[in-house]
Amino acid sequence: MKGIQKTNAARLLDRAGIAYTLIPYPVDEEHLDAGHIAETLGEDINRVFKTIVLRGERTGLFVCVVPGNAEIDLKKAARAASDKKADLIAMRELLPLTGYIRGGCSPVGMKKPLPTYFHSTAPDFEEIYVSAGQRGLQFRISPTALIDYVGATVTDLIKDSETEEAEQ
């Protein structure tokens, strides 16, 4: 891994003895979405997960990690966090609350450990991609090792086609 600067998230995984590979990619400020990252890496979008920070009405901040092409279902996310309602945090709150910026938010190494939920498809893969804590760098990692390390719960978090049709 010559030339790749390790992130705080990578150092935490090293300390915990968790295997991963750092995968650099060129950053396109216009396209920070997971779809663009998957395309750039030549990977299946279902294996490239995005980290989303939400605020529950009563329970406070929590993290959801979902496939890059999926839309988070706020009702399912709230239910996972034992809350009635949840919303995405404002973009301006991301850095002060997590230590990360948009396009570089990792489920590992936030300022404070937050309850974390992974979408139920994550364990279906031998390896998934998640942000390594900065734009232009992904972890390729075992989802079960990552889920265990962050103490996450695995549950359904995304809108399905029936949910989307019912909302229209």
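Residues numbered from 1 in each chain as written. Predicted model: local features only at pLDDT ≥ 70, side-chain atom pairs only at ≥ 80, totals over all residues. Heavy atoms only, no water.

1. Remarks on the nonpolar core
Note that soluble globular proteins tend to have their nonpolar side chains buried in a common cluster. Val 53, Phe 118, Val 130, Phe 139, Ile 141 and Leu 146 are the most contacted members of the largest nonpolar core, which totals 30 residues. Among the secondary structure elements, those contributing two or more residues to this core are helix H1 (8-16), strand E1 (20-24), strand E2 (49-56), strand E3 (60-67), strand E6 (128-134), strand E7 (137-141) and helix H5 (143-150). Apart from the residues lying within four places of it in its own chain, the contact partners of Leu 146 are Pro 107, Val 108, Phe 118, Ile 128, Val 130 and Ile 141. (Core = buried A, V, L, I, M, F, W, Y, C linked by side-chain atoms within 4.5 Å. Buried < 20%, exposed > 50% of the residue type's maximum accessible area, 1.4 Å probe, protein only. Helix = DSSP H or I, 4+ residues; strand = E, 2+ residues; numbered from the N terminus. Contact = heavy atoms within 4.5 Å.)

2. A short note on the packing of aromatic side chains
One pair of aromatic rings is described through two measures. These are the centre distance and the angle between the planes. Following the criterion strictly, the structure yields two aromatic pairs and no others. When the centroid spacing of 5.0 Å and the interplanar angle of 70° are considered together, the rings of Tyr 20 and Phe 139 count as edge-to-face. Placement of the pair is Tyr 20 in strand E1 and Phe 139 in strand E7, with a sequence separation of 119 residues. Note on accessibility: Tyr 20 and Phe 139 belong to one class, buried. For the ring pair Phe 62 and Tyr 117, a centre distance of 5.8 Å and an interplane angle of 85° mean the geometry is edge-to-face. Here Tyr 117 lies in strand E5 (residues 116-119) and Phe 62 lies in strand E3, a separation of 55 residues in the sequence. For the pair formed by Phe 62 and Tyr 117, the shared burial category is buried. (Phe/Tyr/Trp six-rings, centres within 6.5 Å; stacked < 30°, edge-to-face > 60°.)

3. A closer look at the side chain of Asp 73
Within the secondary structure, Asp 73 sits in the loop between E3 and helix H3 (74-80). Although Asp 73 is buried, it makes no salt bridge; Lys 76 carries the closest opposite charge, 4.4 Å away. In this structure the side chain of Asp 73 is engaged in a polar contact, spanning 2.9 Å, whose partner is the backbone nitrogen of Lys 75. (Lys, Arg positive; Asp, Glu negative; His and termini not counted. Salt bridge = Lys/Arg side-chain N within 4 Å of Asp/Glu carboxyl O. Polar contact = N/O pair within 3.5 Å; in protein donor to acceptor, adjacent residues only side chain to side chain.)

4. Re the sheet that holds E1
Within the open sheet, the three strands sit side by side as E1-E7-E6. Their pairing is antiparallel. Sheet topology places E1 and E6 at the edges, where each strand pairs with a single neighbour. Across this sheet, the average inter-strand angle for adjacent strands is 35°, counted without regard to direction. Bridge count between E1 and E7: five bridges; the pairing is antiparallel. Following the sheet pairing, Tyr 20 is matched in E7 by Ile 141. (Pairing = 2+ DSSP bridges. Axes fitted to C-alpha atoms, helices over the stretch in contact; angles between N-to-C directions.)

5. A short note on the pairing of E3
Regular strands place side chains that alternate from one sheet face to the opposite one. A large share of E3 lies buried, amounting to seven of its eight residues. In terms of strand pairing, E2 meets E3 through eight bridges, oriented antiparallel. Pairing of Gly 56 across the sheet is with Gly 60, part of E3. Turn length for the E2-E3 hairpin, with the two strands adjacent in sequence and antiparallel, is three residues. Bridge count between E3 and E5: three bridges; the pairing is parallel. Within the sheet, the bridge partner assigned to Cys 64 lies in E5 and is Tyr 117.

6. Some words on unusual backbone geometry
Residue Ser 82 is not a glycine yet carries a positive backbone phi of 60°. Positionally, Ser 82 belongs in the loop between H3 and strand E4 (86-88). Accessibility expressed as a relative area gives 55% for Ser 82, which makes it exposed.

7. Focus: the environment of Ala 38
For Ala 38, the position within the fold is in helix H2 (residues 34-41). Given the relative accessible area of 2%, Ala 38 is considered buried. Taking the C-alpha atoms as reference, Ala 38 lies 18 Å from His 119; in sequence the two are 81 residues apart. Ignoring sequence-local partners within four residues, the contact set of Ala 38 consists of Glu 43, Ile 45 and Val 48.

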